[in-house]
Amino acid sequence: AQSVTQLDSQVPVFEEAPVELRCNYSSSVSVYLFWYVQYPNQGLQLLLKYLSGSTLVESINGFEAEFNKSQTSFHLRKPSVHISDTAEYFCAVTHNNAGNMLTFGGGTRLMVKP
Amino acid sequence: DGGITQSPKYLFRKEGQNVTLSCEQNLNHDAMYWYRQDPGQGLRLIYYSQIVNDFQKGDIAEGYSVSREKKESFPLTVTSAQKNPTAFYLCASTLPHGQGHNEAFFGQGTRLTVV
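Conventions used here
Every chain begins its residue count from 1, and numbering advances along the sequence as written. To read the labels, note that chains go from A and ligands from 1, taken in the order they are written. Under the rules for a predicted model, residues below a pLDDT of 70 receive no local features and side-chain atom pairs below 80 are neither given nor counted, while totals for whole chains, interfaces and linings still include all residues. Working from all heavy atoms in the structure, the side-chain values ignore hydrogens and water. Contacts between residues were defined by any pair of non-hydrogen atoms, one from each residue, lying within 4.5 Å. The term buried area refers to how much accessible surface (probe radius 1.4 Å) is lost by two components on association, counted for both of them together. Throughout this description, the term salt bridge denotes a Lys or Arg side-chain nitrogen within 4 Å of a carboxyl oxygen of Asp or Glu. Counting of polar contacts relies on pairs of N or O atoms within 3.5 Å, with two restrictions inside protein: one atom must be capable of donating a hydrogen and the other of accepting it, and residues adjacent in sequence are counted only when both atoms are side-chain atoms. Think of it this way: any DSSP run of H or I at least four residues long counts as a helix, any run of E at least two long counts as a strand, and we number them from the N terminus. When residues are grouped by polarity, Ala, Val, Leu, Ile, Met, Phe, Trp, Tyr, Cys and Pro land in nonpolar, Asp, Glu, Lys and Arg in charged, and all others, Gly among them, in polar. Strand pairing is assigned whenever DSSP identifies at least 2 bridges connecting the two strands. Between N-to-C directions, angles span 0 to 180 degrees; the directions come from axes that are lines fitted to C-alpha atoms, helices contributing only their stretch in contact. Residue burial is assigned from relative accessible area. The probe radius is 1.4 Å, only protein chains are included, and a residue is buried under 20% of its type maximum, exposed over 50%, and partly exposed in between. As a per-residue quantity, pLDDT reports the predictor's confidence and falls between 0 and 100.

### Side note on the interface of chain B and chain A
At the junction of the two partners, chain B supplies 26 residues and chain A supplies 22 residues. For the chain B and chain A pair, buried surface summed over both sides reaches about 1,900 Å², with 52% attributable to carbon and sulfur atoms. Inspection of the chain B/chain A interface yields zero salt bridges. Counting every contact that joins chain B to chain A gives four residue pairs in polar contact (both at pLDDT 80 or more). Among the secondary structure elements, those contributing two or more residues to the side of chain B that touches chain A are β4 (31–37), β5 (43–51), β9 (87–94) and β10 (104–106) of chain B. When grouped by side-chain class, the residues that make up the side of chain B that touches chain A number 13 nonpolar, 10 polar and three charged.

### So, the pairing of strand β6 (residues 54–57) of chain B
All names here are of chain B. Strand direction decides the pairing type here: β5 and β6, joined by three bridges, are antiparallel. From the neighbouring strand, Tyr48 faces β6, where its bridge partner is Gln56. Counted between consecutive antiparallel strands, the loop separating β5 from β6 contains two residues, among which Asn53 sits at a positive phi close to 65 degrees.

### Here's the deal with unusual backbone geometry
Each neighbour pair has its own omega, and for Ser7 of chain B with Pro8 of chain B the value is -10 degrees, a cis peptide bond. As for its position among the elements, Pro8 of chain B is in the loop between β1 (4–7) and β2 (10–13).

### A word on the sheet that holds strand β8 (residues 76–78) of chain B
Across a sheet, strands are paired by hydrogen bonds formed along the backbone, either parallel or antiparallel in direction. Residue and element names in this part refer to chain B. Pairing is antiparallel in the open sheet, where four strands are placed in the order β1-β3-β8-β7. Each having just a single partner strand, β1 and β7 (64–66) make up the two edges of the open sheet. The average undirected angle you get between the axes of adjacent strands in this sheet is 20 degrees. Relative to strand β3 (residues 19–25), β1 runs antiparallel, the two being bridged by four bridges. For Ile4, the partnering residue across the bridge sits in β3 and is Gln25.

### Re the pattern of salt bridges
All names here are of chain A. Counted by the stated rule, this structure contains eight salt bridges over all chains. Measuring nitrogen to oxygen at the nearest pair gives 2.8 Å for the salt bridge that ties Lys78 to Asp85. On the accessibility criterion, Lys78 (6% relative accessible area) is buried. Among the ionic pairs, Glu88 bridges to Arg109, the shortest N-O distance being 2.9 Å. With Glu88 in strand β10 (residues 87–94) and Arg109 in strand β12 (residues 108–113), the pair connects residues that are 21 residues apart, well separated along the chain. Residue classification places Glu88 among the buried positions, given a relative accessible area of 11%. Relative accessible area serves as the criterion here: at 39%, Arg109 is assigned to the partly exposed category. One salt-bridge network, in which partners are shared between bridges, spans Glu20, Glu66 and Arg77.

### Quick look at the confidence of the model for chain A
Per-residue confidence for chain A averages 91 on the pLDDT scale, and 96% of its residues sit at or above 70. The least confident element of chain A is strand β11 (residues 103–104) of chain A, whose mean pLDDT is 89; the most confident is strand β3 (residues 19–21) of chain A, at 98.

### Structural notes on the side chain of Gln6 of chain B
Residue and element names in this part refer to chain B. For Gln6, the position within the fold is in strand β1. Of note is the side chain of Gln6, whose polar atom sits 3.0 Å from the backbone oxygen of Tyr89. In this structure the side chain of Gln6 is engaged in a polar contact, spanning 3.1 Å, whose partner is the backbone nitrogen of Gly109. Filtering out sequence-adjacent residues up to four positions away, Gln6 remains in contact with Ser22, Trp34, Tyr89, Leu90, Cys91, Gly107, Gln108, Gly109 and Thr110.

Written out as structure tokens, the structure reads:
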């Protein structure tokens, strides 16, 4: 069985400050990892994903995440946040033997303050 | 444009009524899912379907029913047996296993409120 833990339910931060949203997973096999973003009253959108290769993956809007196998982590970072980054962020994991099933973390609400 | 369409966006239900939430996709995905989202609880899987005419219960299937008569459509019925149906419902789809590494595409959600 696999599971995902997002350690912080809410992260308040001032605009232009750096932020890290933490995600840890447990799995006995090789995994694929995802970060999704959800704006209020909307569905989830894929932000970035790790499938293989370089452990550092980037999104088009300045977020990055690093896969750390020894720490079983996939933390999401941004060096300077904007008000528009205010949203809920979900980490998700799956693996080859999971069929198409994603397991989601509980979500982290990022609140960017002016 | 390809995507997933959920309707309606907002739905109000009287206690004791069944209601059906629509989910349609034109992505040619085989697998479709229904999730329930409550504040602070993330996404919980209600039902999923890997192929037409087949579906499986997820973690919280009680009080819900689904059908998968067409590849494009996966409607969810919230029955009167669901004791606390007020929530945000999300439909998703994925490519078949082995293609696209299980990336999920989501609809915009339906907010159901019991009045």
